[in-house]
Amino acid sequence: MNGPSKTRNIDLPLQLRAASVVPSSFDESARTVDVVWTTGAAVRRFVRGEIVDESLDLSGAALSRLNTGAPVLNAHRSYSVRDIVGVVVEGSARIAGDTGVATVRFSEREDVQALVGDVRGGIVRNVSVGYSVERYERIAPVNDGDRAELVARQWTPLEISFVPVGADPDAGTRADGDVYQCELTGEPAEMDKQETPKAEVRAVETPAIDVEKLKTESAVDAVAKERARVRAIETCGRATGLADIARGHIDDGTGKDTAIEAMIARAADAQKTLTPSFAAGDGMDGGERFGRDAVAMITHRARPDAFEFPEAAQSLRHATFADIARTCLRHAGKASAGMSNEQVVEAALDIGRRNFKLRGGVGYQITGDFSNILANSGFKMLRRAYDESPSSHPLWTQRMDRPNFQIGSAVALSSAPDLALVPEHGEIPIAPMLDSGEPVQVATYANRVAVTRQVLVNDDLGAFNRLFALQGRAANRKECDLNYNVLLDNANLSDGIPLFDALHNNIAAVTGGPSLTTFAEATRMLGLQTGLQGEKLNLMATVVVVPVEHRFVAEQLFMGPLFPDSVANARAPQFMSGVMVVSDARLDVGPSNNAWYVMAANQIDTVWTGGLNGQSGPGLESRDGFEILGREYRVVLDSYAKAIDFRGMIKINGA
């Protein structure tokens, strides 16, 4: 049996060996428990076609992997970060005599609590250590019929797992593809080289141990411990794709176990969180569905008072911009493992390098790339802020959108003439209609803003929302400015006469703020206005537009049951109760002399306002940033306001 021998390099799978928990050592506050991960006793193996007894030389164990935060797994599974149920406490793995011991700490994740309770209660008592062997020595059997002994002279424990039984005789590998190089010495030269099958594992009895004796820890150099902490956190950061979070834990001095648990929990939650929703029959693919849900999540988190959170998007409730970017990369077939949040955001923006135009105020594009998700979210916030901003001019103007940017003519028609008497067999006359035209043209107003990488990497939803909300309010202000400037500028109409002029008979001879006297004069002038053919229009006052200075008196005059004290206990005429009061601070400044206006809105054309057909309100255009690192956005408003006819508006100069 003791023929010539030789040394070979062979591939071996991850080896497993039964071990045990010490339930009495469970520490409730620290969430730790002591385990005996090896006694070095012999285990029967089947290696290279030969049944051997494997034993461990404890002096050859390399404990660096365990002592820098090796994972504690659920039954050796490592297909997902959720399979990690804890970590080996830093520096706790050691060889005490003929026994390998360590302290493991459990994760605080909710799905681990059942296991913690079973370990505390002594229900789960078995652990198993997974290790690689770098060098075996084969000792030939002395007598015929005996088994050869295989001694692991150099070996490395890699992970500890909680298992339902102490050893699985069919388990030899964690994954069929995981193999490790091993140097085997003492093998008979005549043995044929064979494929290494999975290792056979048998349970071994764990001898009684003195727990208190094993709790004595050797002193560890402070510098070495800090280096081990940094290495462990960096390794976990790379494995979970949270390298930037890992750097933060390192800089903050966070303990290794705490940092690793936090990153594992976050990675697990993100993996669960970003499962795209599915709604049968909605006609969308996975990327489009994810894009829709991501937009709903971003807008709701930014403005929960304004945007509902649909049930379909519940899986994304706590996702960050970086989480969304990772999922967009996955939908695009791009890997993001090990990338920092900053790198993920850059990569996600890079695959979406194209321009978007979102206009019209209804609907938005639905695709799953990151740039489009940002544009859609920003557009919804922009439009919401635009719609919510105070805007009083629609109460006294008429909206008339234009087909293009060319100069057009807004035609004001006269009233039809009186119906003519038609004698028997007489010819019905053609009614002459007169018109007057005013030139109108839509103009474009725009701002350029940027969403930087910092906003996205820092998940600064407040800044993201404010950026677009402020632009929405600015667009609303611009529309209001255009319409009130028609009153304030008093520009000439096509007849060469200012909008408000004595020749148009629409400036009251009396002056002063809203009162019975001034309003009576304005309604008299309004009612006596004539059309293009001299026809009596009989216009009725429906809206008064006043500076803020006159608002209180105007509302008391038109909305209260009684006139002011100057006409004590006098009842207001019935028609006055239907007059609407509109106030705006734009009329309190400039050369207006606190003028106010009485209008016959909706009875005759006064001021036309609008934009391009089908594109009401502001739009959003985006492109990849050139001067900034991020995305650039242009907020575009196509709008105009123009006085069409002077007859439906009376101006009263203030005192």
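Residues numbered from 1 in each chain as written. Predicted model: local features only at pLDDT ≥ 70, side-chain atom pairs only at ≥ 80, totals over all residues. Heavy atoms only, no water.

Novice: So what's going on with the overall build of the chain? Which residues, and what values?
Specialist: Within the chain, the regular secondary structure consists of 14 helices and 24 strands. Across the 655 residues of the chain, 50% fall into the buried class. In the chain, 73% of the contacts between residues at least 6 apart in sequence involve partners at least 24 apart. By element, 51% of the accessible surface of the chain is carried by carbon and sulfur atoms, the whole surface being about 31,100 Å². (Helix = DSSP H or I, 4+ residues; strand = E, 2+ residues; numbered from the N terminus. Buried < 20%, exposed > 50% of the residue type's maximum accessible area, 1.4 Å probe, protein only. Contact = heavy atoms within 4.5 Å. Areas by Shrake-Rupley, 256 points an atom, 1.4 Å probe, with all protein chains shown as cover.)

Novice: Explain the packing of helix H10 (residues 370-388) against helix H12 (residues 461-489) to me, using residue names and the numbers behind them.
Specialist: Where H10 meets H12, the closest approach of the two axes is 7 Å, and the angle between their N-to-C directions is 45°. The orientation of H10 with respect to H12, classified from their angle, is oblique. The hand of the H10/H12 crossing is right-handed. Where H10 abuts H12, its residues Leu374, Ser377, Gly378, Met381, Leu382, Ala385 and Tyr386 lie against Phe464, Asn465, Phe468, Ala469, Gln471, Gly472, Arg473, Ala475, Asn476 and Glu479. Looking at the contact of H10 with H12 residue by residue, the classes come out as nine nonpolar, six polar and two charged. (Axes fitted to C-alpha atoms, helices over the stretch in contact; angles between N-to-C directions. Parallel < 35°, antiparallel > 145°, perpendicular 65-115°, else oblique. Left-handed = near helix turned anticlockwise from the far one by under 90°. Nonpolar A, V, L, I, M, F, W, Y, C, P; charged D, E, K, R; others polar.)

Novice: I'd like a rundown of the side chain of asparagine 506, residues and numbers included.
Specialist: Turning to its location among the elements, asparagine 506 is positioned in the loop between H12 and helix H13 (516-527). Separated by 2.9 Å, the side chain of asparagine 506 and the backbone oxygen of leucine 499 make a polar contact. Ignoring any residue separated from it by four or fewer positions in sequence, one finds asparagine 506 in contact with Leu499, Phe500, Asp501, Met525, Gln529, Phe646, Met649, Ile650 and Lys651. (Polar contact = N/O pair within 3.5 Å; in protein donor to acceptor, adjacent residues only side chain to side chain.)

Novice: Would you mind going over unusual backbone geometry in detail, with residue names and values included?
Specialist: For arginine 31, which is not glycine, the phi torsion reads 60° and is therefore positive. Relative to the helices and strands, arginine 31 resides in the loop between strand E2 (15-27) and strand E3 (32-38). Phi angles above zero are rare outside glycine, and aspartate 459 is one such case at about 55°. Inspection of the secondary structure assignment puts aspartate 459 in the loop between helix H11 (453-457) and H12.

Novice: Give a detailed account of the pairing of strand E18 (residues 543-546), specifying residues and quantitative values.
Specialist: For a regular strand, side-chain orientation follows a simple rule: the groups alternate between the two sheet faces. A two-sided burial pattern is seen for E18, the buried positions comprising Val543 and Val545 on one face and Val544 and Val546 on the other. In this structure, E18 lies alongside strand E19 (residues 580-583), joined through four bridges in parallel fashion. Opposite valine 545, over in E19, you have valine 582 as the bridge partner. Where E18 meets strand E20 (residues 596-599), three bridges bridge the pair, whose relative direction is antiparallel. Bridging across to E20, valine 544 finds its partner in valine 598. (Pairing = 2+ DSSP bridges.)

Novice: I'd like a description of the side chain of histidine 504, backed by residues and values.
Specialist: Secondary-structure assignment places histidine 504 in the loop between H12 and H13. Looking at histidine 504, the relative accessible area reads 3%, which means it is buried. Looking at histidine 504, its side chain comes within polar contact range of the main-chain oxygen of leucine 499, at 3.1 Å. Residues within four places of histidine 504 in sequence aside, it is in contact with Leu493, Asp495, Ile497, Pro498, Leu499, Gln529 and Phe646.

Novice: Go over the sheet that holds E19, please, and point to the residues and values.
Specialist: To summarise the sheet geometry, strands pair through backbone hydrogen bonds and adopt either a parallel or an antiparallel arrangement. Reading across from one edge, E19-E18-E20-E24 is the order of the four strands in this open sheet, with mixed pairing throughout. The two strands at the open ends of the sheet, each matched to only one other strand, are E19 and strand E24 (649-652). Each neighbouring strand pair of the sheet contributes to a mean axis angle of 20°, computed without reference to strand direction. Contacts from helix H14 (residues 551-559) reach E18 and E19, with the element oriented near 175° to E19.

Novice: Give a description of the pairing of strand E6 (residues 71-74) that names residues and reports values.
Specialist: Across three bridges, the pairing between E6 and strand E7 (residues 84-88) is antiparallel. Bridge pairing in E7 places valine 72 opposite glycine 86.

Novice: Please give an account of the packing of aromatic side chains that cites residues and values.
Specialist: This structure, assessed with the given rule, holds 10 aromatic pairs. Ring geometry for tyrosine 131 versus tryptophan 155: centroids 5.6 Å apart, planes at 70°, classification edge-to-face. With a gap of 24 residues between them, tyrosine 131 in strand E10 (residues 126-139) and tryptophan 155 in strand E11 (residues 148-162) connect regions that are remote in the sequence. Among the residues examined, tyrosine 131 registers a relative accessible area of 0% and is labelled buried. A cation over an aromatic ring shows up here: arginine 384 above the ring of phenylalanine 307, its NZ or CZ 5.6 Å from the ring centre. (Phe/Tyr/Trp six-rings, centres within 6.5 Å; stacked < 30°, edge-to-face > 60°. Lys NZ or Arg CZ within 6 Å of the ring centre and 35° of its normal.)

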